[in-house]
Structure formats: C-alpha cells, structure tokens
Amino acid sequence: MTEDLGAVQADLLAAVQSAGDLKALESARLAAIGKKGRVGALMQALGGLPPEQRKDYGQAVNALKQAVEAAIELRKADLEASALDAKLAAEQVDVTLPIRSEVEGRIHPISQTIDEIVQIFGQMGFQVAEGPDLEDDWKNFTALNIPEEHPARQEMDTFYLRAGEDGTRPVLRTHTSPVQIRTMMSEKPPIRVIVPGRTFRSDHDATHSPMFHQVEGLVIDEVSHMGHLKGCLIEFCRTFFEISDLPVRFRNSHFPFTEPSAEVDIGCTRTNGELRIGHGDDWLEILGSGMVHPRVLENCGIDSNKYQGFAFGMGIERIAMLKYGIPDLRTFYDSDLRWLKHYGFVPLDVPGTLGGLHR
Ligand code: PHE
C-alpha cells in the first residue's frame, strides 16, 4: 500500500506556506525532507513495491521532493526579507537629532590639529598618504640623501632595532620623510600628498618627547618651483593660525634631501615670557622646507631632468601648542581626562575652512 502522493505534497506545501518565521520553516523542512521526514518514509516504501512499479514511484517521490524544496527556498527568501525589514525598522535612527548633552568625549588636540592641516591642504588638492612607524634605514636615511656617517644620523637620536637577516638595523622613523620615498616609488608624478604620522627620537624634556607627530608635504610635477612652495606655505600658516596677514619669513637653511632649503618663521612677540603669534618684532620657526634634491628623485627612479617639486615638514605638537596655548608637551600623552576636557574639542565640530577651523 502506498500513500496518495498528491495529498502528501499538498500537505507538506501547506506546512511550508504556513511557517511564520525561519524557525518554524526549519521544523517544516525537517518534517518533510529531514532524515526522519515524510519524504524519507515514502522512499523507504519503494523497497516493498513490485519491481515494475519502482521506477515510476521513485520518480514521482523525487518530483515531490523537488517541489517541496523549491517551496522551502521561496518561503525562506520571503521570511528573510521581512526579517531584515523588521530589523531595519527597529534600528532606525534619526541622524538629524542634536547630540546628547551628556556626551563628554573630546577630540584630542593632536587629532584636531591633524584634521585641520588635512582640511587646509585638502583644499589645495593634496591627498593624505601614510607609512609605517618602523622603517628600513634606506628609506629613513640613505634614499633621502643622508649617507652613512652623515651627522644628521646622530642629530636625529635614532632608535635602532636589532639587525635583520640582511645585516641592516630597522629604525623607528625619525621623521615622516620616508613616506616621500614610498610615495615616489609607488606613484607616478604629478604627486601632491600630505603625510601625518608618528615619529620617534630619543629625546625627552618639556619640549621634546620620544614619540611625537609630524606632517610631511610633497609636490612633484614638471613645473612647481620655489614660488609655489612659498605661496603654499604662506597660505597654510595664515589659514592655520587664522591671522590673514600673519608675517611669514623664509630663511635659508640646509637639509640633505632638499636644495635649496628654507626654514619658515612666523611673526610673534615675546613679552615677559609670554609668546603671541602675529605681528611683532620677533620670529618663531615652525617649518622645514625646500626643493626636493635631484638625487632623492633619482633614488626613487624619477627623472630629475623632467620632474621637480618641493617638500616640507613640521611638528604637529609644536604648532598645536602654539595655536591652543598648551604650555607643556608632555601633557599630550598623560591621558588625563581633566586636561582633555579643557583642551579637547567637541566631536561634532568638524574643522572646515568655511565654517572656521574650530569653534
Ligand atoms: N624631515 C625634516 C625634519 O624632520 C623636515 C623637512 C621635511 C624638511 C621636508 C624639509 C623638507 O626635520
């Protein structure tokens, strides 16, 4: 005796259709095509049939099974879609609501200053590039035209690591300049990047920390010259310090990786030990810069007869201290919440050169 397959199929399909959620659907699936389900039982009945009926019967049971499986898939897709709709409806947030007043988190002045710098140079068409803290000696020094035994290697108070297999010692980068090398080796000119990041030198007092931050700038193309360097950095200083006629001075200097090189000073006054940025009779150094040395271009496989450009670098803590009147560098890393509440920035006040860099 075999069951009426049509009736069984109608039964199983009805159970699938009436499953109200994914769990119920899974029970219906097990009851139908699970190990001990109805379809399995139908298959077992095959053995008891006269041989000439087995083929037709087997095919009929298979067709039934396929119909049930297809129905399960359809129902599953339906249930998943409505589960997602329900979830989205339940998790809806109103992004136009004002921030809750009890939110006390603050943006650290270093992050704020980096955001401001990125914002200013971003509007001049610079893109942000990054590199690792741990560098090889070649990118941190040699490629930047600082050969072995060059005094700059000692001046920078480098943290060296144990030598690797090739015998050279990796370094904690002493400046963000190795990212110039990385960028020039991986991208074709025109290049216009700024590089914020951590840097390391073995030095520690009220104005030096063994870990500090720099931002590097690099422009490489066929036309950029010293005039562009000056215009770009004057514009930056005035926008950053929010003094539209801030005096900016370029002073002849030397870096192995730029030629000519210039240090950039901004106007200030110093009275009774108090420093004020702006018009005055004194100058304060805030930037190193210069035209990228042809040898540095060649080290990166860039034709120095065709391409040229400029680079600059500055300490982020230093300009943050100047702009926001933070007296001691060490406090940046104390993680003191009272300090952060005082000097930090409200998270939603995203810096922009239109609405003001900070509020
Ligand atoms: N790398 C230099 C420093 O750390 C700064 C600099 C960058 C100077 C790029 C010129 C050009 O002092």
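In this text the structure is predicted, and so the values were computed from the model without any measurement. All residue numbers refer to position in the chain's written sequence, counted from 1. Selection of residues for local features in this predicted model requires a pLDDT of at least 70, selection of side-chain atom pairs for listing and counting requires 80 or more, and totals for whole chains, interfaces and linings are taken over all residues. The basis for every side-chain value is the complete set of heavy atoms in the structure, and neither hydrogens nor water enter the calculation.

Caption draft 1: Structural view of the domain arrangement of the chain. The domain boundaries assigned to the chain delineate domain 1 (5–91) and domain 2 (109–358). Here the C-alpha centroids of domain 1 and domain 2 sit 67 Å apart. As used throughout, domain bounds are those supplied by an automatic or database domain assignment.

Caption draft 2: Spatial organisation of the pairing of strand E9 (residues 282–292). Most of E9 is tucked away: 8 of the 11 residues are buried. For two strands to be treated as a pair, DSSP must find no fewer than two bridges joining them. Here a strand is any run of E in DSSP of at least two residues, a helix any run of H or I of at least four, and the numbering for each starts at the N terminus. Note: strand E7 (residues 258–271) against E9, 9 bridges, orientation antiparallel. Paired with Val-264 across the bridge in E9 is Leu-287. Direction of pairing for E9 relative to strand E10 (residues 308–315): antiparallel, over a ladder of 4 bridges. Throughout this description, buried means an accessible area under 20% of the type-specific maximum (1.4 Å probe, protein chains only), exposed means over 50%, and partly exposed covers the range between.

Caption draft 3: Focus on the site of the ligand. Here a residue is considered near a molecule or strand provided that any single heavy atom belonging to it is located within 4 Å of it. Neighbouring the ligand are 14 residues; His-175, Ser-177, Arg-201, Gln-214 and Glu-216 lie closest to it. Within the side chain of His-175, a nitrogen or oxygen atom sits 3.0 Å from a nitrogen atom of the ligand. Under the rule applied, a polar contact is a pair of N or O atoms within 3.5 Å (in protein, one hydrogen donor and one hydrogen acceptor; residues adjacent in sequence only if both atoms are side-chain atoms). In this structure, Gln-214 approaches the ligand through a side-chain N or O atom, which is 3.0 Å from an oxygen atom. Note on areas: Shrake-Rupley with a 1.4 Å probe; residue coverage comes only from the protein chains shown. Burial of the ligand by the protein chains amounts to 91% of its free accessible area of 330 Å². Listed by contribution, the elements that provide at least two residues to the shell around the ligand are strand E5 (211–221), E9 and E10. Considering every element that reaches the shell around the ligand, the biggest residue donor is E10, with 3 residues. The nonpolar class holds Ala, Val, Leu, Ile, Met, Phe, Trp, Tyr, Cys and Pro. Asp, Glu, Lys and Arg form the charged class, and all remaining residues, Gly among them, are polar. Across the shell around the ligand, the residue classes tally to 4 nonpolar, 8 polar and 2 charged.

Caption draft 4: Structural view of the packing of aromatic side chains. Only rings of Phe, Tyr and Trp enter the pairing, Trp through its six-membered ring, and a pair is recorded when the two centres are within 6.5 Å. The plane angle decides the type: under 30 degrees is stacked, over 60 is edge-to-face, the rest tilted. Using the criterion set out here, one finds 12 aromatic pairs in the structure. On the basis of an interplanar angle of 15° and a centroid distance of 4.9 Å, the ring pair of Phe-121 and Phe-236 is categorised as stacked. One end of the pair, Phe-121, is in helix H5 (residues 109–123); the other, Phe-236, is in helix H9 (residues 226–241), and 115 residues separate them in sequence. Each member of the pair, Phe-121 together with Phe-236, is buried. When the centroid spacing of 5.6 Å and the interplanar angle of 70° are considered together, the rings of Phe-332 and Trp-339 count as edge-to-face. With respect to class, Phe-332 is no different from Trp-339; both count as buried. Taken together, the ring pairs connect Phe-121, Phe-126, Phe-236, Phe-240, Phe-241, Phe-310 and Phe-312 into an aromatic cluster. Over the ring of Phe-126 we find Arg-192; its NZ or CZ atom is 6.0 Å from the centre of that ring. Positioned above the aromatic ring of Phe-240 is the side chain of Lys-323, whose terminal nitrogen or guanidinium carbon lies 4.3 Å from the ring centre. Criterion for a charge above a ring: Lys NZ or Arg CZ within 6 Å of the ring centre, and within 35 degrees of the ring normal.

Caption draft 5: Unusual backbone geometry, seen in detail. With an omega of 0°, the peptide bond between Pro-189 and Pro-190 qualifies as cis. Tracing the backbone through its elements, the reader meets Pro-190 in the loop between helix H8 (178–186) and strand E4 (191–200). In this model, Glu-259 is joined to Pro-260 through a cis peptide bond whose omega is -5°. Note that Pro-260 resides in strand E7.

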